[in-house]
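Take a look at the letters that make up each chain.
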Amino acid sequence: MVKDEYLEALGPLASLYLDPDVYEIMVDAYDKVIVDRKDRLLAASVKFESPDALRNMIDRLMALGGIKLGLEKTSGHLRFPDASRCLAVIPPTAVDGPYLVIRKTRAGHFSMDDLLEFGSVTKQQYALLKSALQTRQNLLIAGGTGSGKSTFANVLTDEFPQDERVVVVESVYELQPRLERFVRLSADSSPDHSMDDLVKLASKMRPDRLIVGELHGPEAFQTLNVFNMGHDGSLTILHANSPEDALSRLETMCLMANLGLGLNEIRTLIASALQLITYQELLIDGSRKVTQIVELCGLENGRYVLQPLFRYNPETMLIESTGNQPEWMK
């Protein structure tokens, strides 16, 4: 639960913050507040008296984290005690006045039974994923914005053996594994380590498995490299528009590491480090589904060999098996 001083600092936004159906709060102007209410963007009746009132609220809120905004620092990130995240941007970077975005941590921890009930995954998909984790395949969880990648990663960690040691690395920590033996590292909390540094550090902390939160840049190369160093059964997360796009984005991120490797060498690394790609979407009806599961079977003539295992049929609105068996189940 958020502390009283944070609620007091939020002023008119406090009621929205306490509303369990509001997932995100976006202040685009002193008289224009938008909320994500159960995955629908709606105008809120709440407003501030003036741009100055909005700015004062932002200053009070940022002060709780020791952040002072001004001409030399025009944006600030603040994490609430309940792990919700807040981003504030002020002029001149914010062209039309102060902006504020609060992304709330959703209460509770979904289970695989919940996802089955929601129709996000099928029992066949669950059986396949459970088998993949039990046989220590490395997973890439891909999907678009708001598709539930982090939630899905949390649920999959429930399948990790409780006697294994897991190290979680994230740029901004939001994963909440329900494991007996796990530690986590966060780049946004570290004064002297980048994501790339933290992945290297995590590999030295005696992990049985690694979880690397959403990849954004050159840390992708180090992540794949570590996955190839005996940490089987690990998983990582990536924003992408398809499984193929996920592989293309991984290539680009690895090139950003600027290690002088060619594309063929990077593809060899990717094909060796990953065995399974899940892809999920936020559909038009507001539902979230794992619409594709694809096995990465290696390279052939320099190209990825992808075997589709499940795909969503928009005509029947069902997730259907392709009938293909993954290599580890043959």
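Residues numbered from 1 in each chain as written. Predicted model: local features only at pLDDT ≥ 70, side-chain atom pairs only at ≥ 80, totals over all residues. Heavy atoms only, no water.

Going through the model one piece at a time under the given rule, you end up with three aromatic pairs. Taking 5.2 Å as the distance between ring centres and 55° as the angle between the ring planes, the aromatic pair formed by tyrosine 6 and phenylalanine 80 counts as tilted. With tyrosine 6 in helix H1 (residues 4-10) and phenylalanine 80 in the loop between strand E4 (75-79) and strand E5 (85-89), this pair connects stretches of sequence that are 74 residues apart. A centroid spacing of 5.5 Å and a plane angle of 85° characterise the contact between phenylalanine 110 and phenylalanine 118, whose relative ring orientation is edge-to-face. Residue classification places phenylalanine 110 among the partly exposed residues on the basis of a relative accessible area of 34%. An aromatic cluster is built from Tyr6, Tyr17 and Phe80, whose rings are joined through pairwise contacts. Here the guanidinium or amino end of lysine 104 rests over the ring plane of tyrosine 17, the centre of that ring lying 5.5 Å away. Just above the ring of phenylalanine 160 sits the side chain of arginine 209; from NZ or CZ to the centre is 4.7 Å. (Phe/Tyr/Trp six-rings, centres within 6.5 Å; stacked < 30°, edge-to-face > 60°. Helix = DSSP H or I, 4+ residues; strand = E, 2+ residues; numbered from the N terminus. Buried < 20%, exposed > 50% of the residue type's maximum accessible area, 1.4 Å probe, protein only. Lys NZ or Arg CZ within 6 Å of the ring centre and 35° of its normal.)

What follows is about the pattern of salt bridges. Taken as a whole and assessed by the stated rule, the structure comprises eight salt bridges. For aspartate 158, the salt bridge identified is with arginine 178, shortest N-O distance 2.7 Å. In this pair, aspartate 158 sits in the loop between helix H6 (149-157) and strand E8 (166-170) while arginine 178 sits in the loop between E8 and strand E9 (182-186), placing the two residues 20 residues apart along the sequence. Judged by its relative accessible area of 43%, arginine 178 falls in the partly exposed class. Residue lysine 200 is joined to aspartate 196 by a salt bridge in which the shortest nitrogen-to-oxygen separation is 3.5 Å. Note that lysine 200 and aspartate 196 are positioned in helix H7 (residues 195-203) at a spacing of four residues, about one turn of the helix. In this structure lysine 200 comes out as partly exposed when scored by relative accessible area, which is 34%. A single salt-bridge network, built from bridges that share partners, covers Arg136, Glu164 and Arg209. (Salt bridge = Lys/Arg side-chain N within 4 Å of Asp/Glu carboxyl O.)

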